[in-house]
Each structure stands twice: as structure tokens, then as C-alpha cells.
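Each chain is listed here by its residues.
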Amino acid sequence: MPQQKKPAEEGRRCTGGQREKPLFAVMQISEDNRVRVMIADISFEGAQLLLPPGQDPALVPDNAPLHLFDFPPQLSRLDGIEARLAWRGPANCGVIFKNAISLSLDHLTCLNQG
């Protein structure tokens with residue numbers, strides 16, 4: 001079972017800030033269920049995703065692979081990346097990427113700070 005939500009700063013190499021323009025992606029929860037999510041924070045190993053209003057975080061499966069698609073242009077090479085649920089909150093969840101992403105620290109910092 002996934003852990004409860006950890007503080008955003010704990011264990012992060014990059015921390016998020018307020019962006020002028022939010023970053024979105026689509027999370028495929030199951031074969032026929034896709035949800036548009038906002039990327040609140042991203043690191044080499046995972047991301048914090050904000051779910052749309054009314055989306056029950058319990059619908060994100062505990063142990064099934066998740067896939068993320070339709071990233072913005074600056075993250076398009078991540079399309080199709082596999083992840084697993086790390087934790088869930090009341091309107092968000094954290095995912096761990098199957099393989100660490102290959103972006104520079106400067107690029108991640110820029111994405112997280114907008």
C-alpha cells in the first residue's frame with residue numbers, strides 16, 4: 001500500500017515553485033481510463049500530480065503501472081513514461097518513474113520554478 005503524503009521538500013533534489021503557466025499531462029490509469037493532471041512538481045525519480053476536481057485519488061491503483069502522455073513540448077520526450085503510485089493525498093498523488101528521467105538539473109529547476 002502506498003505511503004501517506006510526504007512533505008514536498010523531503011528527499012527532493014528540486015523543489016517546485018509557483019509557475020506562471022501550469023504544466024499538464026495525461027495519466028492513463030487503466031486501459032480505458034485517462035485523466036488530465038497538472039504537474040505540481042517533478043524530479044528525476046518522480047512527480048507530484050494534481051488531479052482534476054472531483055477525481056477520487058483512490059481510483060489511482062496501488063500496484064498497477066501507470067503511463068503518462070501528452071506532456072508539454074519541453075517534456076515531450078517523456079511521453080509514455082511508466083510510473084507507479086508512491087502516495088496519494090486528498091486531491092493529488094505522487095508517482096515514481098520506472099526509470100529515472102534524463103533531464104539536466106537546470107532544466108528540472110526551470111520547469112519547477114516556471
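Residues numbered from 1 in each chain as written. Predicted model: local features only at pLDDT ≥ 70, side-chain atom pairs only at ≥ 80, totals over all residues. Heavy atoms only, no water.

Burial analysis of strand β2 (residues 23-30) places six of its eight residues in the buried class, which makes it a mostly covered element. Pairing analysis gives seven bridges linking β2 to strand β3 (residues 33-42), with the strands arranged antiparallel. Looking at the pairing, Ala25 lines up with Val37 of β3. Following β2, the chain reverses through two residues before pairing antiparallel with β3. Note: β2 against strand β5 (residues 66-69), three bridges, orientation antiparallel. If you follow Gln28 over to β5, its bridge partner there is His67. (Buried < 20%, exposed > 50% of the residue type's maximum accessible area, 1.4 Å probe, protein only. Helix = DSSP H or I, 4+ residues; strand = E, 2+ residues; numbered from the N terminus. Pairing = 2+ DSSP bridges.)

This part covers unusual backbone geometry. The phi dihedral of Asp70 is positive, around 55 degrees, even though this residue is not glycine. Locating Asp70 in the fold gives a position in the loop between β5 and β6 (81-88).

Counted according to the given criterion, the structure contains one salt bridge. For Arg88, the salt bridge is made with Asp62, and the minimal N-O distance between the two is 2.7 Å. With Arg88 in strand β6 and Asp62 in the loop between β4 (46-50) and β5, this pair connects stretches of sequence that are 26 residues apart. Asp62 gets classed as partly exposed once you look at its relative accessible area, which sits at 26%. (Salt bridge = Lys/Arg side-chain N within 4 Å of Asp/Glu carboxyl O.)

Before going further, it helps to examine the environment of Met27. With respect to the element layout, Met27 can be found in strand β2. The class of Met27 is buried, set by a relative accessible area of 0%. Considering only alpha carbons, one finds Met27 and Val37, 10 residues apart in sequence, at a separation of 6.7 Å. Setting aside chain neighbours within four positions, we find Met27 in contact with Asn33, Arg34, Val35, Val37, Leu49, Leu51, Val60, Leu66, His67, Leu68 and Cys93. (Contact = heavy atoms within 4.5 Å.)

Low-pLDDT stretches of the model should not have their predicted coordinates read in fine detail. Of all residues in the protein, 73% have pLDDT values of 70 or greater, and the mean over the chain is 80. Predicted confidence in the protein is weakest over strand β1 (residues 3-4), with a mean pLDDT of 51, and strongest over strand β7 (residues 92-97), with 96. Segment residues 5-19: pLDDT under 50, and 31 contacts once partners within four positions in sequence are set aside and those in other chains are kept. (pLDDT = per-residue confidence, 0-100.)

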